[in-house]
There are 2 protein chains.
Amino acid sequence: MTESFKASDLIITPATTFKEKPDPTGLVFGTVFTDNMLTIEWSLASGWEKPCIRPLENLSIHPAASALHYAVELFEGMKAYRGVDGKIRLFRPALNMDRMARSALRTTLPTFDQKELLECIRKLVELEQEWVPYSTSASLYIRPTLVGTEPSLGVKKPTKALLYVILSPVGPYFASGTFNPISLWADPKYVRAWKGGTGDCKVGGNYGSAIYAQQEALEFGCQQVLWLYGEDHQITEVGTACIVCPISKILYKGKHLDIPTMENGPEVTTRFLNKLTDIQYGREESDWAMLVS
Amino acid sequence: MTESFKASDLIITPATTFKEKPDPTGLVFGTVFTDNMLTIEWSLASGWEKPCIRPLENLSIHPAASALHYAVELFEGMKAYRGVDGKIRLFRPALNMDRMARSALRTTLPTFDQKELLECIRKLVELEQEWVPYSTSASLYIRPTLVGTEPSLGVKKPTKALLYVILSPVGPYFASGTFNPISLWADPKYVRAWKGGTGDCKVGGNYGSAIYAQQEALEFGCQQVLWLYGEDHQITEVGTACIVCPISKILYKGKHLDIPTMENGPEVTTRFLNKLTDIQYGREESDWAMLVS
């Protein structure tokens, strides 16, 4: 049995036809994908198969696969940035690998050598490097995913799984480079994470029910949910996945609370954003950045 | 836009090759499937397409489909029984349709006319009637499933979905017709349902994290998890899906609590089981049973 796949075993059969690369300024998040994907199959009987980089295509999944019924699934979100020096960087990718391995344990999916997966991802991004936008306000989003594929309706640890990684060029969160502060909807009616749950992992089950609350937030004119927990309405998290984001209003118990983030100019927010993007786009050297090529 | 599909629009192109029907006594739950499935596609733009009954085959799913990332998915579990009079019955199927519609709302998936879906399922079971085991201790398991299929990584209400139904012949829970009492593992470490969550629906996200606890229960020599909630360890539910099941032991705070279910003979358990199976297998008339054909 193979305990982990190895990047040195990669079988690379890349796409021979190529999609047109989009203008990064007009992109809707997560809707355009690159030409190739990474796939690695796992079974309880044989362990991990050799990793493959091959043309991105639909997956052929049995209708009884555990990912489609019992949310035996997890993912990560990372980015590759094209720096001002032309080099491509990942940002603290080892932390994503670490959380992914923890999510795998929690969902009874197989674990793997984190360094080997990171090296497979590096090779995929290297192959797709022309998809990393030539822009310091856009990036190539990386989506590692691990799903249970056993064709069986038994509620149990799956004996088959598929790890795959897809890439999607994404534009800036804030068009024209300016901050647009957002409103948050804070209602204790929905709870996202709780003691004894999976809030410390990045698993599909955390999202399925959250989308409903997100819809309701939009109906109240808010962009995001501020998740509350417990009798005393402790703040747990906001769903935003942007780097830094100023908040102008919180709708709580029917009242709009004004948050004066922007009133005296967004100094703190801007300082955080600049520091992080300086590292990501190679304007500042840091061991938080990992070179792809 | 089509608010609901209609059973009268069914396009039936059944399988022309047939799998061998297994001996129901040796079946592992949810591993054998019948020759055909029901599929109904939905999109925000066009609403529901016409329902199709066609050969069971793998689904072609985009690797970014929301079901695989965000658990935008739900299911139901029902059964068809071959009665002592040769007729095939469903057991209170309207309640499954009702919960399915509620689960769809909660996961931002499209709803439908419950009677139309039930009629589509009835027609599928009618077509596959030879798969309903000739046995009063086995049945044909029905798995309606609804998944988000939009190929986009945005965390939002999906604009594409697929409803499908697969069928699986299943054997008796208790081999040789006798009750085997089970042990439960009760540890407040894992929580399955909570206020503001999705415990009142049947959605994938409820299961992904539960499988881990189920694994741990097995390691402690227990068959199932007795789910606890809150500081005072309220009992919420057991994961068993059998009709009636006697419990002999509960492992709680490191101690085995003996439950004397079987000591004076399982009178109450047997009475419940007989009443329910009398209705399911047509030994007793009841409006809880719905004739398939």
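Residues numbered from 1 in each chain as written. Chains lettered and ligands numbered in written order. Predicted model: local features only at pLDDT ≥ 70, side-chain atom pairs only at ≥ 80, totals over all residues. Heavy atoms only, no water.

A. A look at helix α5 (residues 210–219) of chain B. Taken together, the buried positions of α5 of chain B are occupied by A210, I211, A213, Q214, E216 and A217 of chain B. Lining the buried residues of α5 of chain B we find α1 (66–70) of chain A together with β11 (182–186), α4 (205–208) and β12 (224–229) of chain B. Phi for G221 of chain B, located one or two positions after α5 of chain B, is positive at around 80°. (Buried < 20%, exposed > 50% of the residue type's maximum accessible area, 1.4 Å probe, protein only. Helix = DSSP H or I, 4+ residues; strand = E, 2+ residues; numbered from the N terminus. Contact = heavy atoms within 4.5 Å.)

B. Quick look at the domain arrangement of chain A. Residues and elements named next belong to chain A. If you check the domain split of chain A, you get domain 1 (7–171) and domain 2 (182–258). Facing 11 residues of domain 1, the contacting portion of domain 2 comprises 10 residues. The contact between domain 1 and domain 2 buries some 840 Å² in all, and 60% of this surface belongs to carbon and sulfur atoms. Applying the counting rule to domain 1 against domain 2 returns zero salt bridges. The tally of links between domain 1 and domain 2 comes to six residue pairs in polar contact (both at pLDDT 80 or more). When residues of the side of domain 1 that touches domain 2 are traced back to their parent elements, those giving at least two are β6 (73–75) and α2 (93–106). For the side of domain 1 that touches domain 2, the element with the most residues is α2, which contributes four residues. Counted by class, the side of domain 1 that touches domain 2 contains three nonpolar, three polar and five charged residues. (Domains from an automatic or database assignment. Buried area = accessible area lost by both parts, 1.4 Å probe. Salt bridge = Lys/Arg side-chain N within 4 Å of Asp/Glu carboxyl O. Polar contact = N/O pair within 3.5 Å; in protein donor to acceptor, adjacent residues only side chain to side chain. Nonpolar A, V, L, I, M, F, W, Y, C, P; charged D, E, K, R; others polar.)

C. Spotlight on the packing of α2 of chain A against helix α3 (residues 114–127) of chain A. Residue and element names in this part refer to chain A. The contact between α2 and α3 brings their axes to 10 Å, and the two run at 125°. Viewed along their axes, α2 and α3 adopt a mutual orientation that is oblique. For the pair α2 and α3, the sense of crossing is right-handed. Touching P93, A94, M97, D98, M100 and A101 of α2 are Q114, L117, L118 and I121, all from α3. Residue classes in the contact of α2 with α3 are distributed as eight nonpolar, one polar and one charged. (Axes fitted to C-alpha atoms, helices over the stretch in contact; angles between N-to-C directions. Parallel < 35°, antiparallel > 145°, perpendicular 65-115°, else oblique. Left-handed = near helix turned anticlockwise from the far one by under 90°.)

D. Examining the sheet that holds β11 of chain B more closely. Residues and elements named next belong to chain B. Read from one edge of the open sheet, five strands run β13-β12-β11-β14-β15, paired in mixed fashion. Pairing within the sheet leaves two strands with one partner each, and these edge strands are β13 (234–238) and β15 (255–258). Averaged over all pairs of adjacent strands, the angle between their axes in this sheet comes to 30°, without regard to strand direction. Pairing geometry for β11 and strand β14 (residues 247–252), over five bridges, is parallel. Paired with A186 across the strands is Y252, a residue of β14. On top of the sheet, α5 reaches β11 and β12; it is set at about 120° to β12, its chief contact. (Pairing = 2+ DSSP bridges.)

E. Here's a closer look at the environment of P110 of chain A. Residues and elements named next belong to chain A. Mapped onto the secondary structure, P110 falls in the loop between α2 and α3. Residue class for P110 comes out buried when judged on its relative accessible area of 8%. P110 sits 107 residues away from E3 along the chain, and the two C-alpha atoms are 8.9 Å apart. Contacts of P110, omitting those with residues within four sequence positions, involve W42, W48, A104, L146 and A161.

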